[in-house]
Amino acid sequence: MQTSPFLGELIGTMVLILLGNGVVANVVLKQTKGESSGWIVITAGWAFAVTMGVFVSKAFGSIDAHLNPAVTIAFAIATNDYSHIVPYITAQMIGAFLGATLVWLHYLPHWAATPDPGAKLACFSTGPAIRSTGANFLSEALATLVLILGLAGISSKNLGELAIGVGPYLVGILVWSIGLSLGGTTGYAMSPARDFSPRLAHALLPIPGKGSSDWSYAWIPIVGPLVGAAVGGLLIRLFAL
């Protein structure tokens, strides 16, 4: 078997979701060692998840390690090269579904021990702290815009060879910063794959007492990040960042 960009995006995204949604499950599910450990643990866990996902993605063959359809679309717009959109996004969607399924398996005894359906859904997908369509949409678009501009700043064009060695760590810091500063409104999905595929897994998996998958909200963490990504890609292109 050989590595490839498709495999790299798939496996990297799977690890990202396994560790990212895994830390949420560790905090919100009942009778875990990390129960009720709070937002700092969640944001830190997600930051480390992104860092490890990038490393794994590169190891399995994706030099780009986007792990996120919004990132793929942003840099397609920035470079006017759209050849990666279909294979990368397909791989990311599959990887996110597999990662969410592994979270379900890993915490298998804890679903029945957790009475709150909302807590179970939070282990898969995002949701608003205060449900407000316009504000929620803006939160996702703005957080994703910051993500794209931050990634542009971390790129090898700006950091040179330094980006090769420390880039994944800086991406983790970027995601940690966004989570701490902007994540309290909607849970900072910033990625259609991160939200849609795990939400689909939640809908399909036999999770006891799981309740609704909240599909009425699901378009916001898809469209919001894509809008923010498109604006970020245009800014990168216009200013040659």
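Higher on the page you've got the structure.
None of the values given here were measured: they were computed from a predicted structure.

**Details of the packing of helix α2 (residues 39–59) against helix α9 (residues 162–182)**
Part 1 of the reasoning: The geometry of α2 relative to α9 is characterised by a closest axis approach of 8 Å and an angle of 150° between their N-to-C directions. One element, α2, and the other, α9, form an angle in the roughly antiparallel class. Pair α2 / α9 crosses with right-handed handedness. Contacts between α2 and α9 involve Trp39, Ile40, Thr43, Ala44, Trp46, Ala47, Phe48, Val50, Thr51, Val54 and Phe55 on the former and, on the latter, Pro168, Tyr169, Val171, Gly172, Val175, Trp176, Gly179 and Leu180.
Part 2 of the reasoning: Residues of the contact of α2 with α9, tallied by class, amount to 15 nonpolar, four polar and no charged.

**Things to note about a nonpolar patch on the surface**
Part 1 of the reasoning: A contiguous nonpolar surface patch, about 510 Å² in accessible area, is contributed by Leu149, Leu234, Leu238, Phe239 and Leu241.
Part 2 of the reasoning: Here the nonpolar patch takes three residues from helix α11 (residues 220–239), the largest share from any one element.
Part 3 of the reasoning: As for its position among the elements, Leu234 is in helix α11.
Part 4 of the reasoning: Judged by relative accessible area, Leu234 falls into the partly exposed class, the value being 45%.

Conventions and cut-offs
Residues numbered from 1 in each chain as written. Predicted model: local features only at pLDDT ≥ 70, side-chain atom pairs only at ≥ 80, totals over all residues. Heavy atoms only, no water. Axes fitted to C-alpha atoms, helices over the stretch in contact; angles between N-to-C directions. Helix = DSSP H or I, 4+ residues; strand = E, 2+ residues; numbered from the N terminus. Parallel < 35°, antiparallel > 145°, perpendicular 65-115°, else oblique. Left-handed = near helix turned anticlockwise from the far one by under 90°. Contact = heavy atoms within 4.5 Å. Nonpolar A, V, L, I, M, F, W, Y, C, P; charged D, E, K, R; others polar. Patch = residues over 30% accessible without salt bridge, like charges linked within 9 Å, V, L, I, M, F, W, Y side chains within 5 Å. Areas by Shrake-Rupley, 256 points an atom, 1.4 Å probe, with all protein chains shown as cover. Salt bridge = Lys/Arg side-chain N within 4 Å of Asp/Glu carboxyl O. Buried < 20%, exposed > 50% of the residue type's maximum accessible area, 1.4 Å probe, protein only.

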